[in-house]
Amino acid sequence: MTQIKKIGLYTSGGDAPGMNAAIRAVVRTAKYYNIEVIGIRRGYEGMINGEFFPMDGKSVANIIQRGGTILKTARSEQFKTPEGRRLAYDQLMNHGIQGLVAIGGDGTFTGARIFGNEYDMPVVGLPGTIDNDLNGTDFTIGYDTAINTVIDAVDKIRDTAESHDRLFIVEVMGRDSGLIALRTGIASGAEAIIIPETNRDINALMDRLENGRKDKSSKIVMVAEGEDAGGAFEIGRQVKEKFPNYDTRVSILGHIQRGGKPSCMDRVLASRVGVAAVEALRDGHRNEMIGIVHNEISYTPFEHACKHHVEINANFLKIVEILSI
Ligand code: ATP
């Protein structure tokens, strides 16, 4: 057990619902163990600029149900340079900070890993991203809320699709990861799913439209954002060209997927890993992400958590194929 007395806490990269629940858990757990918490606003940018303020149990009251992050978040180019990280380290030293809890995605952890190797500063991370694209946790904080937001929106789109006999191409977030599209595609009864993991192959969609049941009045196609196949509008154009008889529309869900109050699953996940993060720092962990695998807390080195490529379950695609006949 180490004698950590003061820790810094920040959120970084894209915001995700449940980050506030994680902030609350870290602050309250630190209080439980008599550790001071310094909130750092706007991620690494705020760390470099010294945007620090003390947090106590009361400062995180009434935030567990709120989306976004009260610590704000930012992207910092300066932190990618050794000079920027030196400025950040000096700020941490000036404030007597002995350990850090970072809440974010793979960019955040890449920065934390580099920083933790350069300086003697223990950093642990909490997986806060709607993309679910980190190794070492079954789910990331924000993913459950985001997929529920998506299916809620798609259910509404389905109403109009059904009334007008339309085919809707729905674009969801996930530039490098199709995990949002994959799950929401199954949950909303999609005809086909187009994701980066399969190189956004649209042949399965074309095949389904060519040979599938013709008497369906509405059709939903779930597409992960990204440019490889030209994006949802380009896919829509190709479908219109090949199947002019379909009334094809495109809907981009966009930033609504990041917002809203976190689901129960996300609040519980954030609370569990938040408590574990403070305990991990006390136990001498460093350069690790705290996740949950098979319902148990797990510790994954940053370099492994950010492998960039999370395997998709091929069975999910098969399920879409079987259930859309
Ligand atoms: P999300 O995936 O939800 O957007 P993220 O954590 O991956 O979240 P990024 O914008 O990729 O978001 O990264 C957040 C910040 O981490 C960057 O703005 C930068 O300050 C820092 N960072 C990313 N990569 C590096 C790197 N190679 N070296 C140092 N810092 C980095």
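These numbers come from a predicted model, not from an experiment.

Here is what the cut-offs are and how they apply
- Residues numbered from 1 in each chain as written.
- Predicted model: local features only at pLDDT ≥ 70, side-chain atom pairs only at ≥ 80, totals over all residues.
- Heavy atoms only, no water.
- Helix = DSSP H or I, 4+ residues; strand = E, 2+ residues; numbered from the N terminus.
- Rg over C-alpha atoms; globule rule 2.2 N^0.38 Å.
- Buried < 20%, exposed > 50% of the residue type's maximum accessible area, 1.4 Å probe, protein only.
- Areas by Shrake-Rupley, 256 points an atom, 1.4 Å probe, with all protein chains shown as cover.
- Lys, Arg positive; Asp, Glu negative; His and termini not counted.
- Charge placed at Lys NZ, Arg CZ, Asp CG, Glu CD.
- Axes fitted to C-alpha atoms, helices over the stretch in contact; angles between N-to-C directions.
- Parallel < 35°, antiparallel > 145°, perpendicular 65-115°, else oblique.
- Left-handed = near helix turned anticlockwise from the far one by under 90°.
- Contact = heavy atoms within 4.5 Å.
- Phe/Tyr/Trp six-rings, centres within 6.5 Å; stacked < 30°, edge-to-face > 60°.
- Core = buried A, V, L, I, M, F, W, Y, C linked by side-chain atoms within 4.5 Å.
- Domains from an automatic or database assignment.
- Salt bridge = Lys/Arg side-chain N within 4 Å of Asp/Glu carboxyl O.
- Near = heavy atom within 4 Å.
- Polar contact = N/O pair within 3.5 Å; in protein donor to acceptor, adjacent residues only side chain to side chain.
- 1 Å grid on protein atoms, 1.4 Å probe; cavity = no way out; pocket = protein on both sides within 12 Å on 5 of 7 lines; lining within 4 Å.
- Sits in = over half its atoms within 2 Å of the grid points.
- Points joined across faces, edges and corners; volume = space filled by probe spheres on them.
- Nonpolar A, V, L, I, M, F, W, Y, C, P; charged D, E, K, R; others polar.

Some thoughts on the overall build of the protein
Thought 1: When helices and strands are tallied, the protein shows eleven helices and eleven strands.
Thought 2: Expected size for 325 residues packed as a compact globule is a radius of gyration near 20 Å; at 22 Å, the protein falls within 12% of this value.
Thought 3: By principal-axis analysis of the C-alpha atoms, the protein measures approximately 70 × 35 × 30 Å.
Thought 4: Here the protein holds 325 residues, and the buried ones make up 55% of them.
Thought 5: Total accessible area computed for the protein in this model is approximately 14400 Å², and 49% of it derives from carbon and sulfur atoms.
Thought 6: Once the 38 positive and 42 negative side-chain charges of the protein are each reduced to a mean point, those two points are 5 Å apart.

Describing the packing of helix H5 (residues 143–164) against helix H6 (residues 179–187)
For any two helices packed against each other, one specifies the inter-axial angle together with the distance between the axes.
Thought 1: The geometry of H5 relative to H6 is characterised by a closest axis approach of 10 Å and an angle of 50 degrees between their N-to-C directions. One way to sum up the angle between H5 and H6 is to call them oblique. Between H5 and H6 lies a crossing of right-handed hand. Between H5 and H6, the contacting residues are Tyr-143, Ile-147, Val-150 and Ile-151 on the first element and Leu-179, Ile-180, Arg-183, Thr-184 and Ala-187 on the second.

Thoughts on the packing of aromatic side chains
Thought 1: Going through the model one piece at a time under the given rule, you end up with ten aromatic pairs.
Thought 2: Between Phe-79 and Phe-115, the aromatic rings sit 5.5 Å apart at their centres with planes inclined by 45 degrees, giving tilted as the arrangement. Highlighted residues: Phe-79 in the loop between strand E3 (52–55) and helix H3 (82–94) and Phe-115 in helix H4 (residues 106–118), separated in sequence by 36 residues. Across this residue pair, the class does not change: Phe-79 and Phe-115 are buried.
Thought 3: Centre to centre, the rings of Phe-139 and Tyr-143 are 6.1 Å apart; their planes meet at 15 degrees, and the pair counts as stacked.
Thought 4: On the basis of relative accessible area, Phe-139 is assigned to the partly exposed category, the value being 36%.
Thought 5: Three or more aromatic residues link up through ring pairs in this structure, and these residues are Tyr-10, Tyr-44, Phe-79, Tyr-89, Phe-115 and Tyr-119.

Regarding the nonpolar core
Thought 1: If you look at the biggest cluster of nonpolar residues, it comprises 60 residues, and the most contacted ones within it are Ile-7, Leu-9 and Leu-126.
Thought 2: Residue assignment places this core across two domains, with domain 1 (6–142 + 262–305) and domain 2 (144–258) each supplying three or more.
Thought 3: The residues contacting Leu-126, other than those within four sequence positions of it, are Ala-22, Val-26, Val-101, Ala-102, Ile-103, Gly-104, Phe-109, Ile-141, Val-273, Gly-274, Ala-277 and Ile-290.
Thought 4: Within the second largest apolar cluster, 25 residues are counted, among which are Ile-38, Ile-48, Phe-109 and Tyr-119.

Some remarks on the pattern of salt bridges
Two side chains that carry opposite charge are able to pair once their charged atoms sit near each other.
Thought 1: Taken as a whole and judged by the stated rule, the model has 13 salt bridges.
Thought 2: The salt bridge partner of Asp-120 is Arg-286, with a shortest N-O separation of 3.1 Å. Linking Asp-120 in the loop between H4 and strand E5 (123–127) with Arg-286 in the loop between helix H9 (264–282) and strand E10 (288–293), this pair joins segments that are 166 residues apart in sequence.
Thought 3: For Arg-249, the salt bridge identified is with Asp-247, shortest N-O distance 3.2 Å.

Overview of the site of the ligand
Thought 1: For the ligand, the set of nearby residues contains 16 residues, the closest of which are Arg-75, Ser-76, Gly-105, Gly-107 and Thr-108.
Thought 2: Side-chain polar atom of Arg-75 to an oxygen atom of the ligand: 2.4 Å apart, as the coordinates give it.
Thought 3: With respect to the ligand, the side chain of Thr-108 contributes an N or O atom lying 2.5 Å from an oxygen atom.
Thought 4: When the free accessible area of the ligand is taken as 630 Å², the share hidden by the protein chains comes to 84%.
Thought 5: Assessed atom by atom at 2 Å from the grid points, the ligand resides in the largest pocket.
Thought 6: No other element matches the six residues that H4 contributes to the shell around the ligand.

What to know about unusual backbone geometry
Thought 1: Of note in the backbone geometry, Asn-132 takes a positive phi value of approximately 60 degrees without being a glycine.
Thought 2: Inspection of the secondary structure assignment puts Asn-132 in the loop between E5 and H5.
Thought 3: Asn-132 sits in the buried class, given a relative accessible area of 7%.
Thought 4: Positive phi is not limited to glycine here, since Asp-165 has a value of about 55 degrees.
Thought 5: With respect to the helices, strands and loops of the structure, Asp-165 is situated in the loop between H5 and strand E6 (166–172).

Some thoughts on the layout of surface pockets
Thought 1: Computed from the structure, the largest pocket encloses a volume of approximately 720 Å³.
Thought 2: At six residues, H4 tops the list of elements feeding residues into the lining of the largest pocket.
Thought 3: Grouping the amino acids of the lining of the largest pocket by side-chain chemistry returns six nonpolar, 14 polar and twelve charged.

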